[in-house]
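The chain contents come next:
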Amino acid sequence: MIPSLAESPCVCWSSKAVPLQLPTGSGEVAPTKEVVAEAFRQCPNHLQSHFKACSAPGLCKKRKKKKKKKEKKTTKTHPQEQLQSRPLSGKKQHFKLNMFSTRKCSGVFRAVSLHHFRSHSVSRASPNLTFVPACLPPDPVEVEELQHFVSNSKRLFVMTGAGISTESGIPDYRSEGVGLYARTDRRPVQHAEFVRSASARQRYWARNFVGWPQFSSHQPNTAHLVLRDWEKLGKLHWLVTQNVDALHTKAGSQRMTELHGCTHRVFCLACGDQILRSELQEHFEALNPTWKAEAFGVAPDGDVFLTDEQVRNFQVPACRKCGGILKPDVTFFGDTVSQEKVTFVHQRLAESDSMLVAGSSMQVYSGYRFALAAREKKLPIAVLNIGPTRLDHFASLKLNSRCGELLPLIVCT
């Protein structure tokens, strides 16, 4: 655990760092050690370990031994002692926090910046790594490279994939060792099969009915919240997600296109009437009051694994307006994204000056086409994804880290 501010001389405050919103009083005052300790508890685990590794082993002990001698020579107060003496009250105030190691130079302390971190309104719960492939912690050099990339971007176009949501506990399809394709020979439903086959729809909706309570309860993780904050700061021009989990919406992103739709909406293939997926869940429950099934595994997009025997008696409702087929408002495999939506996204890309791909191997052409367009426009492209992608041979920067671990390290101003 990171020591408190009172115990460690390796953290100080900087007027050049980014705002950290904490409950404090009015005016430019600094927080007490309790508030700083709270800030550290919000800090991701990897930052805590990296902080300890970066704060010059043994340096703190040496300073403790020299502290008494230094106090005799000078009455200058260390910045940390100044912080602890200042009061707080109940209103919100912006503070600026930097992580530093301090070096003694010519009898005074000189602060050397190692990493910046921005505090987001993020849950303190640890990320769910069940479906996240193994990877090393972010390399400091890579952090600096991505920081340079983001700092130079004025109108950033961001495309996200399933890899950004795996830390929220949602599996993806292609991750090595933990993706659906690695764990099972099952494959997602195809659009043509869903439309033409009543049994395929029954199987899909039965599996979705069982998985919905858990799938719909997933919450955005640190990476989603970072991108939301970039939007608020004006750094992120437009966000395009290939995911259908609504986590960007839950995080509060607004300048966004759901390229493949969203499972939280359902529409009729005949009349186009749209209802919420939560409302459809109530219809399922009314039609199947005694039907029960135990899932054998979890799949992406709200599915679970069920046998054909389990789904045989499951009843699927029709559209209440016209009796037509109900389908989730998502682009199934084998279907295409509407030309209107594609054109709209191309327009947003044309307004941008750089592209960041986060959590996607870009194997699906519906998303890959925008990377090709960015290359044609000679836009710098950064890729943050665990494992290889289709962009690796022409991306300006490729980073092999967790989105929720690396993105919070980037200062967005």
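Structure's up top.
Presented here is an overview of the structure given in this document. None of these values were measured; they are calculated from a predicted model. (Residues numbered from 1 in each chain as written. Predicted model: local features only at pLDDT ≥ 70, side-chain atom pairs only at ≥ 80, totals over all residues. Heavy atoms only, no water.)

L146, F149, L227, W230, L356 and L407 are the most contacted members of the largest nonpolar core, which totals 26 residues. Of all elements in the fold, only α5 (140-152), β5 (156-160), α9 (222-232), β6 (236-241), β11 (354-358), β12 (381-384), β13 (397-399) and α15 (403-406) reach the threshold of two or more residues within this core. Residues contacting F149, with those up to four places away along its chain left out, are L156, S354, M355, L356, P380, I381, A382 and L397. The next biggest cluster of nonpolar side chains, apart from the first, holds 24 residues, and it includes M159, W238, V337 and A374. (Core = buried A, V, L, I, M, F, W, Y, C linked by side-chain atoms within 4.5 Å. Buried < 20%, exposed > 50% of the residue type's maximum accessible area, 1.4 Å probe, protein only. Helix = DSSP H or I, 4+ residues; strand = E, 2+ residues; numbered from the N terminus. Contact = heavy atoms within 4.5 Å.)

It is at 11 Å that the axes of helix α8 (residues 198-215) and helix α11 (residues 277-287) come closest, and there the two elements cross at 115°. Here α8 lies roughly perpendicular to α11, going by the angle between them. Every pair of crossing elements has a handedness; the one defined by α8 and α11 is left-handed. Side by side, α8 and α11 meet where W205, N208, F209, W212 and P213 of the first sit next to R277, S278, L280, Q281, F284 and E285 of the second. Looking at the contact of α8 with α11 residue by residue, the classes come out as six nonpolar, three polar and two charged. (Axes fitted to C-alpha atoms, helices over the stretch in contact; angles between N-to-C directions. Parallel < 35°, antiparallel > 145°, perpendicular 65-115°, else oblique. Left-handed = near helix turned anticlockwise from the far one by under 90°. Nonpolar A, V, L, I, M, F, W, Y, C, P; charged D, E, K, R; others polar.)

The subject of this paragraph is the environment of F209. Along the polypeptide, F209 turns up in helix α8. Taking relative accessible area as the criterion, F209 reaches 12% and is therefore assigned buried. Considering only alpha carbons, one finds F209 and L280, 71 residues apart in sequence, at a separation of 9.2 Å. The contacts of F209, once residues within four sequence positions are left out, are R277, Q281, F284, E285, W291 and F314.

A few words now on the packing of helix α13 (residues 339-350) against helix α14 (residues 365-376). Between α13 and α14, the shortest axis-to-axis distance is 11 Å and the interhelical angle comes to 35°. As for the relative orientation of α13 and α14, their crossing is right-handed in sense. Residues V342, V345, H346 and L349 of α13 form the contact with α14, whose own contacting residues are R369, F370, A373 and A374. Classifying every residue of the contact of α13 with α14 by side-chain character gives six nonpolar, one polar and one charged.

What holds strands together in a sheet is hydrogen bonding between their backbones, with the strands either parallel or antiparallel. The sheet built from six strands is open, its strands ordered β7-β6-β5-β11-β12-β13 with parallel pairing. This sheet does not close on itself; its edge strands, each paired only once, are β7 (256-258) and β13. In this sheet, adjacent strand axes meet at a mean angle of 15° when their direction is disregarded. Summarising the sheet, β11 and β12 pair through four bridges and their orientation is parallel. In the sheet register, M355 faces β12, and the bridge partner there is I381. (Pairing = 2+ DSSP bridges.)

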